[in-house]
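Spelled out, the chains give:
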Amino acid sequence: MAECVRLDSSTSGHTMDKSITLPPDEIFRNLENAKRFAIDIGGSLTKLAYYSTVQHKVAKVRSFDHTTKEASSDKLYEISVQEEVTARLHFIKFENAYIETCLDFIKDHLVNTDTKVIKATGGGAHKFKELIERKLGLKVDKEDEMTCLIKGCNFVLRNIPHEAFVYAKHADSEFRFQTTQPDIFPYLLVNIGSGVSIVKVESEDKFERIGGSSIGGGTFWGLGALLTKTKRFDELLQLASKGQHTSVDMLVKDIYGGSYGSLGLTGDLIASSFGKSATADRAFSKEDMAKSLLHMISNDIGQLACLYAKLHNLSRVYFGGFFIRGHPVTMHTITYSINFFTKGEVQALFLRHEGYLGAIGAFLKGAEEDNPNQYSWGENYAGSSGLMSVSPDMNPMQRARSGTFPFDMLEMDRLERKLVNLPLLQDASSYIPDTVDLTEDALAREYWLYCFEEALDGVVKRAVASQPDMPEAAERAEKFRQKYRHKLQTLRHQPFAYGSLTVRSLLDTREHCLNEFNFPDPYSKIKQRENDMALKYYQKAVKSLEVLSWEERQFALVRGVLAGNVFDWGAKAVSDVLESDPEFGFEHAKRQLEERPWLVDSYDQWFERLKGPPHKCALFFVDNSGVDIILGVMPFVRELLSRGTEVVLASNSGPALNDVTNGELLILTESIAAMDPVIQAGLRDDRLTLVQSGSSSPCLDLSRLDKVLAMVVRERKTDLVIIEGMGRAIHTNYYAMLSCESLKMAVIKNSWLADRLGGKLFSVVFKYEVPAAGHHSAALTPS
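Residues numbered from 1 in each chain as written. Predicted model: local features only at pLDDT ≥ 70, side-chain atom pairs only at ≥ 80, totals over all residues. Heavy atoms only, no water.

## Some points on the overall build of the protein
Moving on, step 1. Secondary structure summary: the protein contains 28 helices and 27 strands in total.
Moving on, step 2. Within the span of the protein, comprising 783 residues, buried residues form 58% of the whole.
Moving on, step 3. In the protein, once contacts between residues fewer than 6 apart in sequence are set aside, the share between residues at least 24 apart is 73%.
Moving on, step 4. Surface summary for the protein: the accessible area is close to 32200 Å², and the carbon and sulfur share equals 51%. (Helix = DSSP H or I, 4+ residues; strand = E, 2+ residues; numbered from the N terminus. Buried < 20%, exposed > 50% of the residue type's maximum accessible area, 1.4 Å probe, protein only. Contact = heavy atoms within 4.5 Å. Areas by Shrake-Rupley, 256 points an atom, 1.4 Å probe, with all protein chains shown as cover.)

## A few points about the sheet that holds strand S16 (residues 347-351)
Moving on, step 1. Taken together, seven strands build an open sheet; the order of strands is S9-S8-S16-S15-S10-S11-S12 and the sheet is mixed. Unpaired on one side and paired on the other, strand S9 (175-177) and strand S12 (207-213) mark the two borders of the sheet. The sheet shows a mean angle of 35° between the axes of neighbouring strands, direction not considered.
Moving on, step 2. Two strands pair when backbone bridges link them, and strand S8 (residues 164-167) and S9 are joined in this way by three bridges, in the antiparallel orientation. Its bridge partner being in S9, Tyr-167 is matched across the sheet by Phe-175.
Moving on, step 3. In the packing of helix H6 (residues 145-159) onto the sheet, contacts are made with S8, strand S10 (187-192), strand S11 (196-201), S12, strand S15 (316-320) and S16, and the angle to S10 comes to roughly 125°. (Pairing = 2+ DSSP bridges. Axes fitted to C-alpha atoms, helices over the stretch in contact; angles between N-to-C directions.)

## Considerations on the pairing of S11
Moving on, step 1. Of all six residues making up S11, six are buried, and the element is well covered by its neighbours.
Moving on, step 2. Here S11 shows two buried faces, one formed by Val-196, Ile-198 and Lys-200 and the other by Ser-197, Val-199 and Val-201.
Moving on, step 3. The pairing of S10 with S11 spans six bridges and is antiparallel. Each residue of the ladder has a partner; that of Val-190, found in S11, is Ile-198.
Moving on, step 4. Note that S11 and S12 share six bridges and pair antiparallel. Counted as the bridge partner of Val-201 is Phe-207 from S12.

## So, the nonpolar core
One broad trend across soluble globular proteins is that nonpolar side chains are buried collectively.
Moving on, step 1. Within the largest apolar cluster, 65 residues are counted, with the highest numbers of intra-cluster contacts made by Leu-506, Phe-621 and Leu-702.
Moving on, step 2. Per-element tally for this core: the top contributor is helix H16 (residues 473-493), with six residues.
Moving on, step 3. If near-sequence neighbours (up to four positions away) are discounted, Leu-506 is found in contact with Leu-438, Trp-448, Leu-449, Phe-452, Tyr-484, Leu-488, Leu-491 and Leu-501.
Moving on, step 4. Counting 56 residues, the second-largest nonpolar core is a separate cluster that includes Tyr-77, Trp-598, Val-627 and Val-647. (Core = buried A, V, L, I, M, F, W, Y, C linked by side-chain atoms within 4.5 Å.)

## Brief notes about the pattern of salt bridges
Moving on, step 1. Scanning the entire structure with this criterion turns up 49 salt bridges.
Moving on, step 2. A salt bridge links Asp-434 to Arg-504; its shortest N-O distance comes to 2.8 Å. Taken together, the positions of Asp-434 in the loop between strand S19 (419-420) and helix H14 (442-454) and Arg-504 in helix H17 (residues 503-516) put the pair 70 residues apart, joining distant regions of the chain. Across the pair, Arg-504 and Asp-434 agree in class, each one buried.
Moving on, step 3. Ionic pairing is found between Asp-521 and Lys-527, a salt bridge with its closest N-O pair at 3.2 Å. Taken individually, Asp-521 and Lys-527 each receive the classification buried, so the pair is uniform in this respect.
Moving on, step 4. Connected via shared salt-bridge partners are Arg-29, Arg-88, Glu-411, Asp-413, Lys-483 and Glu-516. (Salt bridge = Lys/Arg side-chain N within 4 Å of Asp/Glu carboxyl O.)

## Examining the packing of H14 against H16
The description of two packed helices rests on the angle between their axes and on the distance between the axes.
Moving on, step 1. Contact geometry for H14 and H16: axes closest at 10 Å, N-to-C directions at 170°. Between H14 and H16, the interaxial angle falls into the category roughly antiparallel. Residues Glu-446, Leu-449, Tyr-450, Phe-452 and Glu-453 of H14 touch H16, and the partners they reach there are Tyr-484, Arg-485, Leu-488, Leu-491 and Arg-492.
Moving on, step 2. Across the contact of H14 with H16, the residue classes tally to six nonpolar, no polar and four charged. (Parallel < 35°, antiparallel > 145°, perpendicular 65-115°, else oblique. Nonpolar A, V, L, I, M, F, W, Y, C, P; charged D, E, K, R; others polar.)

## Remarks on the packing of aromatic side chains
Moving on, step 1. Enumeration over the complete set of coordinates arrives at 37 aromatic pairs.
Moving on, step 2. When the centroid spacing of 5.2 Å and the interplanar angle of 70° are considered together, the rings of Phe-555 and Tyr-603 count as edge-to-face. In this pair, Phe-555 sits in helix H19 (residues 550-565) while Tyr-603 sits in helix H22 (residues 603-610), placing the two residues 48 residues apart along the sequence.
Moving on, step 3. You can call Phe-555 partly exposed: its relative accessible area is 27%.
Moving on, step 4. On the accessibility criterion, Tyr-603 (4% relative accessible area) is buried.
Moving on, step 5. Among the aromatic residues, ring-to-ring pairing joins Phe-165, Tyr-167, Phe-175, Phe-177, Phe-319, Phe-350 and Phe-496 into one connected group.
Moving on, step 6. A cation sits over an aromatic face here: Arg-476 above Phe-519, 4.7 Å from the ring centre. (Phe/Tyr/Trp six-rings, centres within 6.5 Å; stacked < 30°, edge-to-face > 60°. Lys NZ or Arg CZ within 6 Å of the ring centre and 35° of its normal.)

## Thoughts on a nonpolar patch on the surface
Moving on, step 1. A cluster of nonpolar side chains, Leu-223, Leu-226 and Leu-227, forms an exposed patch at the surface whose accessible area comes to about 260 Å².
Moving on, step 2. Its place among the elements puts Leu-226 in helix H7 (residues 217-228). (Patch = residues over 30% accessible without salt bridge, like charges linked within 9 Å, V, L, I, M, F, W, Y side chains within 5 Å.)

## Considering the sheet that holds strand S27 (residues 764-769)
Moving on, step 1. In space, the seven strands of this open sheet follow the order S20-S27-S26-S25-S21-S22-S23, with mixed pairing throughout. Both edges of this open sheet fall to strand S20 (600-601) and strand S23 (688-692), since each of them pairs with a single strand only.
Moving on, step 2. Here strand S22 (residues 646-651) runs beside S23; their pairing, made up of five bridges, is parallel. Within S23, the position partnered with Ser-651 by the bridge is Gln-692.
Moving on, step 3. This element, H22, spans S20, strand S25 (720-724), strand S26 (741-747) and S27 of the sheet and lies at about 45° to S27.
Moving on, step 4. Each of strand S21 (617-621), S22, S23, S25 and S26 touches helix H23 (residues 627-643); the most contacted strand, S22, lies at about 155° to it.

## Side note on the environment of Asp-659
Moving on, step 1. Following the sequence through the fold, Asp-659 ends up in the loop between S22 and helix H24 (662-673).
Moving on, step 2. In this structure, the C-alpha to C-alpha distance between Asp-659 and Ser-625, residues 34 residues apart in sequence, is 5.4 Å.
Moving on, step 3. If we skip the residues at most four places from it in the chain, Asp-659 touches Lys-527, Asp-623, Asn-624, Ser-625, Asn-652, Glu-664, Ser-697, Pro-698 and Arg-728.
Moving on, step 4. Within the structure, Asp-659 has its side chain in polar contact with the side chain of Arg-728 (distance 3.0 Å). (Polar contact = N/O pair within 3.5 Å; in protein donor to acceptor, adjacent residues only side chain to side chain.)

## Brief notes about unusual backbone geometry
Moving on, step 1. A cis amide bond links Phe-185 to the next residue, Pro-186, at an omega of -10°.
Moving on, step 2. One can find Pro-186 in the loop between S9 and S10.
Moving on, step 3. Across the junction of Arg-596 and Pro-597, the peptide omega takes the value 0°, indicating a cis bond.
Moving on, step 4. If you trace the backbone, Pro-597 turns up in the loop between helix H21 (586-592) and S20.
Moving on, step 5. Of note in the backbone geometry, Phe-762 takes a positive phi value of approximately 70° without being a glycine.
Moving on, step 6. Structurally, Phe-762 is set in the loop between helix H28 (751-756) and S27.

## Here's the deal with the environment of Ala-305
Moving on, step 1. Position of Ala-305 relative to the elements: it lies in helix H10 (residues 286-311).
Moving on, step 2. On the basis of relative accessibility, which here comes to 1%, the residue Ala-305 falls in the buried class.
Moving on, step 3. If sequence neighbours within four positions are ignored, Ala-305 has contacts with Leu-188, Val-190, Ile-198, Val-317, Phe-319 and Ile-338.

## Some words on the environment of Lys-749
Moving on, step 1. Tracing the backbone through its elements, the reader meets Lys-749 in the loop between S26 and H28.
Moving on, step 2. It is 7.8 Å that separates the C-alpha atoms of Lys-749 and Met-726, two residues lying 23 residues apart in sequence.
Moving on, step 3. In this structure the side chain of Lys-749 is engaged in a polar contact, spanning 2.7 Å, whose partner is the backbone oxygen of Asn-565.

## Points about helix H3 (residues 99-109)
Moving on, step 1. The buried fraction of H3 amounts to eight of the eleven residues, a majority that puts the element mostly inside the structure.
Moving on, step 2. Among the residues of H3, Ile-99, Glu-100, Thr-101, Cys-102, Leu-103, Asp-104, Phe-105 and Ile-106 are the ones counted as buried.

## What to know about the state of the cysteines
Moving on, step 1. For the coordinates displayed, the defined rule picks out zero disulfides.
Moving on, step 2. The cysteine Cys-740 is free of any disulfide, with Cys-617 supplying the nearest cysteine sulfur at 9.7 Å. (Disulfide = S-S within 2.5 Å.)

Geometric descriptors of this kind do not, in isolation, establish any biological role.
Structure, rendered in structure tokens:
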């Protein structure tokens, strides 16, 4: 962390009993490149949004021109690290008491902004208008609060997977996250601020306030202050979390001596909020009164929401506003109320970033000329605080991390391409990429968190080795280590911080942290070396296949893909072998594979299918560089082409571990085509197409793929999807249901996972599925 700016309360213009410590590079990141601002000021919290450009390093590959003096190089391509500028959205949330300090800091560090206007929304936008204009020298342009709220809500539901969640207090995992829906409309938004607004949202720009109530968060705060003499909202909620409402509320059993069976009312239901206080001749504790009040208001809001949901035939109801603020007690009481009044037909849904909706909406209003909706955005895990990070009753350790300045952050990166669903998903609305939810599986969670922590030294070492000409690389790598270790510690305490915790999200968080400290591709040199080496064996591998009978060749091709998949630097069991024995070869890998029958074995069905007519087009999601893509995948692709099947090879848009990227694959395929007439003809006749997936992850989310890839899949009438590798076919997509035939192939290279699945190290998963009615695929379940 950089040296902190220390400001005494005497100089900041408001009364505070202690100085405020701002860690500037931790909170107001990339402020020097800020282009546009928006602010949402509520009764107690200020939410600041700004857009900035971020300069970071990217690894680019460039093919050597072997007709020139470069021809002496025996390398196929060169790697250069270049600077690239991308767009990032920053959202910061803090208490209004700190607003002057923050505005002073922003003014002092505002260097390049080209905007003269700051968009503002929320009740405090008028109150603080003059202060903002005076401090920042920007004109405040006020936007309608409800319009901003809906715009922000639509934006997060579209762009942040696992944005919405159900809260279940007594379940193994309190938070159950919803997958991103292809169509987010219609929905009901119940916004609980001082009062309650109930809004029906039908499309991007069509919404209507269909009801509301004056009994809301302000009521809880106001009555709570009168009853308990507690003036702070969070303190009131903490009192409620410790209280017992039954000492204050009159229950059904207090009136009837038990349940009221004929009306279906159980004895422990509240018959009258605060009913006992009228007759009991004693004082009630602050905690009990706060709890009773919270129940009363939450139940009232819950019933109102249910009535409007039923009246308008809506099943998706999102709750937001300062009343909720991620507090478990509040979410539990609203959830209980909704479940009771709808008998479970309607779910109460909450949003991870509901506190930012207004600020996001105000920002989008100011950015309309840039058309931010034409891009997809992704949460940057390296820069976001995560759910509950500043909730005082959840994790005091986390709250204290930034000294005396309680803040919460969300950062989002603009992605280069629009991401959409794979059109071949059988039901996009129920698709879940991840096989195991570590939020719910405590044993698996502990193992994988330990695993990623253990691997950290190796990642740091490779990151430094990938930049031998940069003396400061070791220092950056150490910062990466600290940041990622801190993220792992946070996830140990708050597994739900960024949505469902999965192996995929742990890998993605690591990639985000590496990129933050300018390590765009730590495996670039390893990949280059392995690609060069594997190319030398390509012709020999093809010749050895051509002498086999057709039947033998089909099996040899499958074994080749599986053996190639063993070469994975992301798996510790394999990277240890590759470190100690660089000559570990393709034939050696084949011998490591288990004999049939495999752990999951549909080979016989696949072989029978090959006797039938060729597929029209196969979409192949490829995995690792080197032996995997060159000696495993390419001969398999060659066979498909020879059968008359078109092939689309989908590879990562950006680097992740030793996975082959689209840029690398283009060069490799051209080089293979120069030695192989089948591949050459495929490229020439447009029957072999290379497309980027839109992903920079070792795993695969079929609901967030490059729009161009989806278009190609449709145009080519794709009828076979092949997914290769442990990350793409086991950690993700094992249970993915597709509307066409699919083949999932992987070697299990983690002994713990192999044991969990009833196999052993180097067990094989070969899963061929046909989407026929009543078809049941081989199940991969823990033994």
